[in-house]
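Next come the chains, spelled out residue by residue.
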Amino acid sequence: MALYSREDDVAIIAVNNPPMNALSHHVRKDLIKFLKVAEADENVTAIVLCGDGRTFPVGADIKEFHKSVSALGPTIIDIVHALEKSSKPTVAAIHGSALGGGLELALGCHYRIAMSTSKVGLPEVKLGILPGAGGTQRLPRVIGLDNAMKWIAYGHHHPAGVGASLGLIDRIVAKGGDIRRSAILFARSMVGKGLGQRRLSNVSVPDASKVEELMAKHLKEVGLRTRGALAPVVCLQVIKSSALLSYKDGLESERQGMMTLLASSESKAQIYSFFSERQVSKWNAPGIANHATAKPMQVRSIAVVGLGTMGRGIAISSLKAGKKTYVVELNSKALAAGVKYIRGYIETMKKRAQISEEQAAAMQSAIIPVSSYNGIANVDLVIEAVFENMKIKKEIFGKLDKVCKPSTILASNTSTLDIDEIASATKRPEKVAGMHFFAPAHIMLLLENIYGRKSSAETIATIMDIGKQMKKITVLVGNCVGFVGNRMYGYYTTESVFILEEAAYPEQVDKVLTDYGFAMGRFQVGDLSGNDIGYKIRTGLGITHKQQPAGTPERKRGVLRYCPLGDFLVEKGRLGLKVGKGWYKYEGSRTPIPDPEVRKIIDEYRTRHHIVPRDISSEEVLQRMLYPLINEGFKILEEGIAANPWDIDMIYQYGYAWPRHTGGPMYYAFTIGLPQVLKVIEEHWKAAGASEPHWQPSTMLTWLVENHGNPDISQWMPLMQKHKSKT
Ligand SMILES: CCCCCCCC/C=C\C/C=C/C(=O)SCCNC(=O)CCNC(=O)[C@H](O)C(C)(C)COP(=O)(O)OP(=O)(O)OC[C@H]1O[C@@H](n2cnc3c(N)ncnc32)[C@H](O)[C@@H]1OP(=O)(O)O
């Protein structure tokens, strides 16, 4: 709802819809009603619009989207027009955030004043839509086309100070000031001043003459940064109309753009992503604990064991979260190198103004270099980040168990290894868990936390809480080889080399993936992270080309199909970007260049095996790359390794750069339709048989299709649970 009050001659309309003052239908009804009251009251000379509690309205109520209530009048645009039309000065008093429809209301006001700490922005593009309450027409009239294109097409939140420098905010109230009082005084001081030019629909766009040039520039940038997404492009087209058409016609173009986007699968995927991102923090470890009941332990200190690339990143994340951070290397040279890197990184963040001087000083003084395990006996949490080797990890956990106080939680940053086996090296398996960071750990937002068979509720709650304190998208999963992310990714890479064998070169596969929306294709990613990583894993499994006894068929490992092309590359020193050659060649930059030498390796291999390359469609490439991931995702759900499909999707968006506008592998399957996905998987399974087990259809997927067709993604788990409880 909204509240109406008077301070002498000034009417105050305060939105009161906790937690974020979203502009739900009941709020909109109150706003229009109170604007009429204020307009009609001859004792009112000015009107202040503000938010109660944490914030100014942060936008439309996202829960209402794709429901008929979002279109029910009064709409946000009706309120914007009422604010602008008012014969009395209207002033938006912004604290917290004024976002989306919230900022559009503020743009309808004649004046805007804001706390220096507040944020403003039109982030609708991140929900796959556009600012549909006049924002695409008003913002360019205030801050110019160039800035408006940037703000709307990328959807960032901006400090109010930046808004003030561009003319969007008329007055800034310093930290600690009283925004409502300042707004009342300000509104009163504006009474009697002409409102004509304060009504933004009357104003023209300052840099309208540059519209074509700006359009070309922003379309190019958007194409590179948000590949394959529709909303940024539609946003730009609609903003363009603000420079070319009247306000009224521009508004019509905005309405049409909004209708197109609301009807797209992209906006549904983006809105799903918005809520999924928040949903993963409501974790559940079935039979052990959940977010609502389990209490985290207070963690004041963290020790990071191993200062390689991962350990350094984890230590920086720990320092950023304000923890006293012990950094451990038994070798003094390795310790010095790690500490130097971490200290240098903090200084760089300070220079780039990413952190303040005080924060930098606090982080520097929280680093405690240690060269023996005895030095970390009293820490609350240890995160081990050494070489990915079970024997070494078990040795370390055994030692840590002996020296650390009984309450210390011991976590491993393993990306694939069995957490229960690691825990078995200790006498405190209830205090052992996995914390799988993604490289570089101080930059990547994903944290995949793993609970073991014996992890306690408190241990799980603590690692989830630490993830939140590190500001990571923290997803809880169960224990299995590769957990969720890498278990699924394994089949993505397997299938990619089968496609090379049969039909395509690396650049053709990668193009299909970048056209779909990935920033990089699978082979470019391989080169970037190092092809030797996969080679080491295959060596550990004893399946590389070199490890086979004479006479082993090149394309088989037991009954399983195998393709050794990745082994050949590594054995020829083509480790990837770091050596200037891998699946591509690199000539002094990170730009991948298709390499005739790689084609030669593939061609010779095909000739040796009498494989005649066939034509392959982009559709087939995409299905073969993505459907094994989806199939494995369903197997992960049916095993209970992930509690919900959105857990998998968030892991893929934040850990593997899955394009947000398609939601993630599981949401994408829902968009395509589960019956269609299953049909393709079954065809491959029929053709490949037991030699390619990743095509064996998941029983959960099969059951859902046979019994429910394509149920809403929110119903997959409830339907399965109901079914299981009956059988
Ligand atoms: C025929 C159809 C015609 C349709 C006509 C449509 C009319 C369109 C008119 C105008 C277009 C305007 C569109 C919009 O305004 S879209 C919304 C734009 N705003 C946003 O995208 C902001 C979203 N919110 C955030 O980014 C963040 O919440 C934050 C930065 C404001 C605060 O972050 P934080 O402190 O981390 O809090 P949480 O994110 O955890 O949020 C707390 C809680 O609140 C819920 N919530 C937040 N924003 C909204 C919202 N806009 N609507 C509904 N709910 C919201 C959030 O989900 C959390 O809920 P919880 O998990 O249950 O606790």
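Residues numbered from 1 in each chain as written. Predicted model: local features only at pLDDT ≥ 70, side-chain atom pairs only at ≥ 80, totals over all residues. Heavy atoms only, no water.

1. Describing the UniProt feature "domain: 3-hydroxyacyl-CoA dehydrogenase C-terminal" (unreviewed entry) in the chain
Then comes step 1: Here, UniProt's "domain: 3-hydroxyacyl-CoA dehydrogenase C-terminal" (unreviewed entry) annotation points to residues 482–586 and 621–707.
Then comes step 2: Span residues 482–586 is 51% helix and 6% strand, its end C-alpha atoms 30 Å apart.
Then comes step 3: Measuring from the first to the last C-alpha atom of residues 621–707 gives 29 Å, for a span that is 71% helix and 0% strand. (UniProt positions renumbered as here; feature names shortened; annotations may be inferred. Helix = DSSP H or I, 4+ residues; strand = E, 2+ residues; numbered from the N terminus.)

2. As for the UniProt feature "domain: 3-hydroxyacyl-CoA dehydrogenase NAD binding" (unreviewed entry) in the chain
Then comes step 1: The positions UniProt marks with the feature "domain: 3-hydroxyacyl-CoA dehydrogenase NAD binding" (unreviewed entry) are residues 302–479.
Then comes step 2: End-to-end, the C-alpha atoms of residues 302–479 are 23 Å apart, and along that stretch the chain is 41% helix and 21% strand.

3. As for the sheet that holds strand S18 (residues 446–451)
Then comes step 1: The eight strands are arranged S14-S13-S12-S15-S16-S17-S18-S19 in an open sheet whose pairing can be described as mixed. The sheet is open, and its two edges are formed by strand S14 (367–370) and strand S19 (473–477), each paired on a single side. In this sheet, neighbouring strand axes are inclined to one another by 25 degrees on average, regardless of whether the strands run parallel or antiparallel.
Then comes step 2: With five bridges connecting them, strand S17 (residues 432–437) and S18 associate as antiparallel partners. In the sheet register, Met435 faces S18, and the bridge partner there is Asn449. (Pairing = 2+ DSSP bridges. Axes fitted to C-alpha atoms, helices over the stretch in contact; angles between N-to-C directions.)

4. So, the site of the ligand
Then comes step 1: The immediate surroundings of the ligand are formed by 31 residues, with Arg54, Val58, Ala60, Gly101 and Arg278 found nearest.
Then comes step 2: Between an oxygen atom of the ligand and a main-chain N or O atom of Ala60, the distance comes to 2.7 Å.
Then comes step 3: Within the contact set of the ligand, an oxygen atom lies 2.8 Å away from a side-chain nitrogen or oxygen of Lys282.
Then comes step 4: Computed on the free molecule, the ligand has an accessible area of 1200 Å², of which 74% lies beneath the protein chains in the complex.
Then comes step 5: Within the residue set of the shell around the ligand, elements represented by two or more residues are helix H3 (101–108), helix H10 (247–262) and helix H11 (265–279). (Near = heavy atom within 4 Å. Polar contact = N/O pair within 3.5 Å; in protein donor to acceptor, adjacent residues only side chain to side chain. Areas by Shrake-Rupley, 256 points an atom, 1.4 Å probe, with all protein chains shown as cover.)

5. Considering the state of the cysteines
Then comes step 1: Using the criterion set out here, one finds zero disulfides in the structure.
Then comes step 2: The thiol of Cys109 is not disulfide-bonded; the next cysteine sulfur, from Cys50, is found 10 Å away. (Disulfide = S-S within 2.5 Å.)

6. As for the pairing of strand S4 (residues 90–94)
Then comes step 1: Taken across its five residues, S4 has five buried, putting it largely inside the fold.
Then comes step 2: The alternating pattern of S4 places Thr90, Ala92 and Ile94 on one face and Val91 and Ala93 on the opposite face, and all of these are buried.
Then comes step 3: In this structure, strand S3 (residues 46–51) lies alongside S4, joined through three bridges in parallel fashion. Note that in S4 the partner of Val48 across the bridge is Val91.
Then comes step 4: With four bridges joining them, S4 and strand S6 (residues 111–115) adopt parallel strand pairing. Counterpart to Ala93 in the pairing with S6 is Ile113. (Buried < 20%, exposed > 50% of the residue type's maximum accessible area, 1.4 Å probe, protein only.)

7. Things to note about the nonpolar core
Then comes step 1: In this structure, Leu626, Phe634 and Trp716 are the most contacted members of the largest nonpolar core, which totals 81 residues.
Then comes step 2: Element by element, the count of residues in this core is highest for helix H24 (residues 618–638), at ten residues.
Then comes step 3: Ignoring any residue separated from it by four or fewer positions in sequence, one finds Phe634 in contact with Met666, Leu674, Ser698, Met700, Leu701, Leu704 and Trp716. (Core = buried A, V, L, I, M, F, W, Y, C linked by side-chain atoms within 4.5 Å. Contact = heavy atoms within 4.5 Å.)

8. A closer look at the packing of helix H9 (residues 231–244) against H10
Then comes step 1: Direction vectors running N to C along H9 and H10 enclose 170 degrees, while the axes themselves pass 8 Å from each other. On the basis of their axis angle, the class for H9 and H10 is roughly antiparallel. Here H9 contributes Ala231, Val234, Val238 and Ser241 to the contact with H10, which in turn contributes Gly250, Ser253, Glu254, Gly257 and Leu261.
Then comes step 2: For the contact of H9 with H10, the residue count by class is four nonpolar, four polar and one charged. (Parallel < 35°, antiparallel > 145°, perpendicular 65-115°, else oblique. Nonpolar A, V, L, I, M, F, W, Y, C, P; charged D, E, K, R; others polar.)

9. Concerning the pattern of salt bridges
Then comes step 1: All told, the structure shown has 43 salt bridges when counted by the stated rule.
Then comes step 2: Salt-bridge contacts for Arg255 lead to Glu252; the nearest nitrogen and oxygen are separated by 3.2 Å. Within this pair, Arg255 and its partner Glu252 are both found in helix H10, separated by three residues, close to a single helical turn.
Then comes step 3: The exposure class of Glu252 is partly exposed, given its relative accessible area of 32%.
Then comes step 4: Salt bridges sharing common partners tie together Glu495, Glu501, Glu502, Arg555, Arg561, Arg614, Glu620, Arg624 and Glu692. (Salt bridge = Lys/Arg side-chain N within 4 Å of Asp/Glu carboxyl O.)

10. Brief notes about the sheet that holds strand S5 (residues 97–99)
Then comes step 1: An order of S5-S7-S8 is seen for the three strands of this open sheet, with the pairing classed as mixed. Either end of the sheet is taken by a strand with one partner, and the two such strands are S5 and strand S8 (158–159).
Then comes step 2: In this structure, S5 lies alongside strand S7 (residues 119–121), joined through three bridges in parallel fashion. For Leu99, the partnering residue across the bridge sits in S7 and is Gly121.
Then comes step 3: Against the sheet, H3 contacts S5 and S7, and its axis sits at roughly 90 degrees relative to S5.

11. Quick look at the packing of aromatic side chains
Two aromatic rings, taken as a pair, are described by how far apart their centres are and by the angle between their planes.
Then comes step 1: Taken as a whole, this structure holds 20 aromatic pairs when the rule is applied.
Then comes step 2: With a centroid separation of 5.4 Å and an interplanar angle of 75 degrees, the aromatic rings of Tyr111 and Phe186 are classed as edge-to-face. Taken as a pair, Tyr111 in strand S6 and Phe186 in helix H7 (residues 179–190) lie far apart in primary sequence, 75 residues in all. One exposure class covers both Tyr111 and Phe186, and it is buried.
Then comes step 3: Between Tyr492 and Phe518 the ring centres are 6.5 Å apart and the planes differ by 45 degrees, which places this aromatic pair in the tilted class. Residue Tyr492 is found in helix H18 (residues 485–502), and its partner Phe518 is found in the loop between helix H19 (506–516) and helix H20 (522–529); the two are separated by 26 residues along the sequence. The pair formed by Tyr492 and Phe518 is uniform in burial state, with each residue classed as buried.
Then comes step 4: Here the aromatic residues Phe438, Tyr489, Tyr492, Tyr516, Phe518, Tyr652, Tyr656, Trp658 and Tyr668 are joined through ring pairs into a cluster of three or more.
Then comes step 5: Sitting over the face of the ring of Phe274, Arg278 holds its NZ or CZ atom 3.7 Å from the ring centroid.
Then comes step 6: Directly above the ring of Tyr505 sits Arg606, whose terminal nitrogen or CZ lies 5.1 Å from the centroid. (Phe/Tyr/Trp six-rings, centres within 6.5 Å; stacked < 30°, edge-to-face > 60°. Lys NZ or Arg CZ within 6 Å of the ring centre and 35° of its normal.)

12. Description of unusual backbone geometry
Then comes step 1: Note that the residue after Pro18, namely Pro19, is joined by a cis bond; omega there is 5 degrees.
Then comes step 2: Mapped onto the elements of the fold, Pro19 is located in the loop between strand S2 (10–15) and helix H1 (25–40).
Then comes step 3: Omega for the peptide link from Ala439 to Pro440 comes to -10 degrees, which places this bond in the cis form.
Then comes step 4: Looking at the secondary structure, you find Pro440 in the loop between S17 and S18.
Then comes step 5: You will see that His610, though not glycine, has its phi angle at about 55 degrees, which is positive.
Then comes step 6: Relative to the assigned elements, His610 resides in the loop between helix H23 (596–608) and H24.
Then comes step 7: Judged by relative accessible area, which is 71%, His610 ranks as exposed.

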